[in-house]
Amino acid sequence: MKHQTVKWKGLPTREAIVDSLKKEKQFDVLVIGGGSAGAGVALDAQTRGLKTAMVEYGDYCCGTSSKSSKLIHGGVKYLETALKEMDYEQYKIVQEGLKERINVMKCAPFLSHTFPVLVPTYKWWQSVYYWGGVKVYDFLAGKCIPSKFVSKEEAIEICPTIRKEGLRGAMLYYDGQQNDARLVLVVALTAIRCGAKCVNHTECVDLLKDSDGKVTGAIVKDHISGETYKINAKVVVNATGPHNDHIRKMADPNRKPIIMGCSGIHLTIAKYFCPGNTGLIKREDVISAWSGIRGLVWDPRKKNHRTLARGHVVDVDPSGLITIAGGKLTTFRHMAEETMNKVVENNRFDEVKPCATRGMKFEGGLNYTPMLYREISRKYGLEEKVASHLCHTYGDKVYEVLKLCKSTGKQFPAIGHRLHPDFPFLEAEVRYAVKEEYARIPADILARRTRLSLLDARAAKQVLPRVVSIMAEELGWNPCQQKKNYEAGLEFLKVEMGVFNLGKGKGERMELTSSEESQISSIFKKIDKEGRGTFSSSDLKEFLNEQKKSQNVQKDILVDVITEANDGNRFISQEELQKIYLNIKNGSYKGRRLIDHLGELKTE
């Protein structure tokens, strides 16, 4: 089927959308839930020519969909289960996931990329076992980079910190990786551009029913304005993930539950950290942590959640409420298509077009090219790292973000003020998120528009005051509102992102202990043998050779290590070395390579 060409309309304001929701006499479809399934259904319904509305309790993708593993995959573990237990249902999940993986990478190429996965083997049979399983995975994936078995030496070269004892080799295969929160956001934005009336921070507090008990809409509450109003619709689709049963009971209090919540926990650690002969992470090495509740379809015959189906079902309630339950983020488009097929099958509409979402370019993907970041880096005087981040976040909408960037007053970078020195996120992105992406609270920015809270919760805590200040300028918050939103943002970071025990943020900076200062002094004296008060790359190389550390590192690399750690200076004093260690202790990445060479300090 020929792909539909979307007529890109300008985005309406949130206030205009709310006004439309209040005034519209009746929508064809009302979707409750703005995660991957809900946004997918809204886009599918609108592009079929149906008048569509969608409400989301929090922010777009604030629930399970934004707390995924960030992989676009069929699921190697599901394939293993399918082959071991001859489970056709699990096989179909893998097949469907791999098919939709290709579609996601075509629809939003700037948000997704190929991701290599290394599986080490330590026994001869593992090599054969993993090779066979991954080759089946390749076959089901179709056109992809083929997997291969790599030798012990190649595996160590790819991952130097891998456990070497007993290592026989490793299987190297390829899956996909994506920015889950922004993927759902661009699907919602695409639906809005196509004419759907979608609004975030709006809760469904009850369902509307006619005299026969048929669901005819919903009563919703806007958490931004505090206003409550009604939305009438011919069909209501329940796409609230793990909260599906809550909405189903609004339609019929006697309905039996079909959802079982399953928690998935994810930790973020720095790239340099990789355990060798231990599988235990020390708490201070964790940069951020988050957990998502996945709604699995309940089956009373199953003994535990590991044996529950990871597929999806479309449930049609006698009241007319249609629920999409279960499923994976990767397959959201297919789930939406099946849901809308069921909607059309069970209801009468004047005219409905066929599904048009397969291959449709989402917001930002229409004119995106992989080399776009080089073009804007050269044209606008941007750091390449920042340019790459912007292009892989906004696609061809990057030019709209650049319009909001302010001059730095420097020759280079010419524009763009960073929110945090260790990350490429710009202050202009906060303004863009408020103006064009419906961000209304700090968590919308930190967790879903930039993902800073997932990458480094401590850094997110440090920039929170600035984020609140920029949002206040854009939204007209008074001092009382600023204080309220700052406290809400802080609470979000503590409760949802694990920042409570991840160290101290701005205004609560940790200091070096006397023992740590003594260790640094000892290290410095060993390097600065001549007592000049500073050391250079030559001194560092001599020290490393004596300590039998990093002996093969060339001098020019060590020059780069020192200048990166000390703001371009080729010499480091004892005071500067203490400052570098202190910054690392407080969560900075700057100087990390130098510390890797010198060694970590012993804690008391």
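Cut-offs and rules
Residues numbered from 1 in each chain as written. Predicted model: local features only at pLDDT ≥ 70, side-chain atom pairs only at ≥ 80, totals over all residues. Heavy atoms only, no water. Core = buried A, V, L, I, M, F, W, Y, C linked by side-chain atoms within 4.5 Å. Buried < 20%, exposed > 50% of the residue type's maximum accessible area, 1.4 Å probe, protein only. Phe/Tyr/Trp six-rings, centres within 6.5 Å; stacked < 30°, edge-to-face > 60°. Helix = DSSP H or I, 4+ residues; strand = E, 2+ residues; numbered from the N terminus. Lys NZ or Arg CZ within 6 Å of the ring centre and 35° of its normal. Patch = residues over 30% accessible without salt bridge, like charges linked within 9 Å, V, L, I, M, F, W, Y side chains within 5 Å. Areas by Shrake-Rupley, 256 points an atom, 1.4 Å probe, with all protein chains shown as cover. Salt bridge = Lys/Arg side-chain N within 4 Å of Asp/Glu carboxyl O. 1 Å grid on protein atoms, 1.4 Å probe; cavity = no way out; pocket = protein on both sides within 12 Å on 5 of 7 lines; lining within 4 Å. Points joined across faces, edges and corners; volume = space filled by probe spheres on them. Nonpolar A, V, L, I, M, F, W, Y, C, P; charged D, E, K, R; others polar. pLDDT = per-residue confidence, 0-100. Contact = heavy atoms within 4.5 Å.

Notes on the nonpolar core
Reasoning step 1: Core analysis: the largest hydrophobic core is formed by 87 residues, its most contacted members being L207, F362 and L390.
Reasoning step 2: By size, the runner-up hydrophobic cluster in this structure holds 28 residues, among which are A433, V467, L490 and L493.

Quick notes on the packing of aromatic side chains
Reasoning step 1: Scanning all chains against the criterion turns up nine aromatic pairs.
Reasoning step 2: For the pair F332 and F362, a centre-to-centre distance of 6.4 Å together with 45° between the ring planes defines the contact as tilted. Pair noted here: F332 is in helix 9 (residues 332-346) and F362 is in the loop between helix 9 and helix 10 (372-380), with a separation of 30 residues, a long-range link. Across the pair, exposure class does not vary: F332 and F362 are buried alike.
Reasoning step 3: Ring pairing ties together the aromatic residues W125, Y129 and Y130, which thus form one cluster.
Reasoning step 4: The ring of Y229 has K22 lying over it, and the distance from NZ or CZ to the ring centre is 5.7 Å.
Reasoning step 5: In this arrangement the basic side chain of R163 is found over the ring face of Y122, its NZ or CZ atom lying 4.1 Å from the centre.

A word on a nonpolar patch on the surface
Reasoning step 1: There is a patch of nonpolar side chains on the surface, built from W124, W125, V128 and Y129 and spanning about 480 Å² of accessible area.
Reasoning step 2: Positionally, W125 belongs in helix 5 (residues 124-141).
Reasoning step 3: Accessibility expressed as a relative area gives 41% for W125, which makes it partly exposed.

Quick word on empty space enclosed by the protein
Reasoning step 1: Inspection of the entire model under this criterion finds four cavities of 30 Å³ or more.
Reasoning step 2: Of the pockets and cavities examined, the second largest cavity occupies roughly 50 Å³.
Reasoning step 3: Around the second largest cavity, the lining residues are R182, V186, L189, E363, G364, T393, Y394, K397, Y432 and E437.
Reasoning step 4: At the level of elements, helix 7 (180-193) and helix 11 (384-394) are the ones that each hand at least two residues to the lining of the second largest cavity.
Reasoning step 5: Its residues assigned to classes, the lining of the second largest cavity comprises four nonpolar, two polar and four charged.

Thoughts on the confidence of the model for the protein
Reasoning step 1: The pLDDT averaged across the protein works out to 85; a share of 85% of its residues lies at or above 70.
Reasoning step 2: Counting contacts from residues 272-281, a segment whose pLDDT is below 50, to residues more than four positions away or on other chains yields 14 contacts.

Focus on the side chain of E429
Reasoning step 1: With respect to the helices and strands, the residue E429 is situated in helix 13 (residues 427-436).
Reasoning step 2: Those residues within four positions of E429 in sequence are excluded, and the remaining contacts are H389, L390, Y394, V401 and P424.

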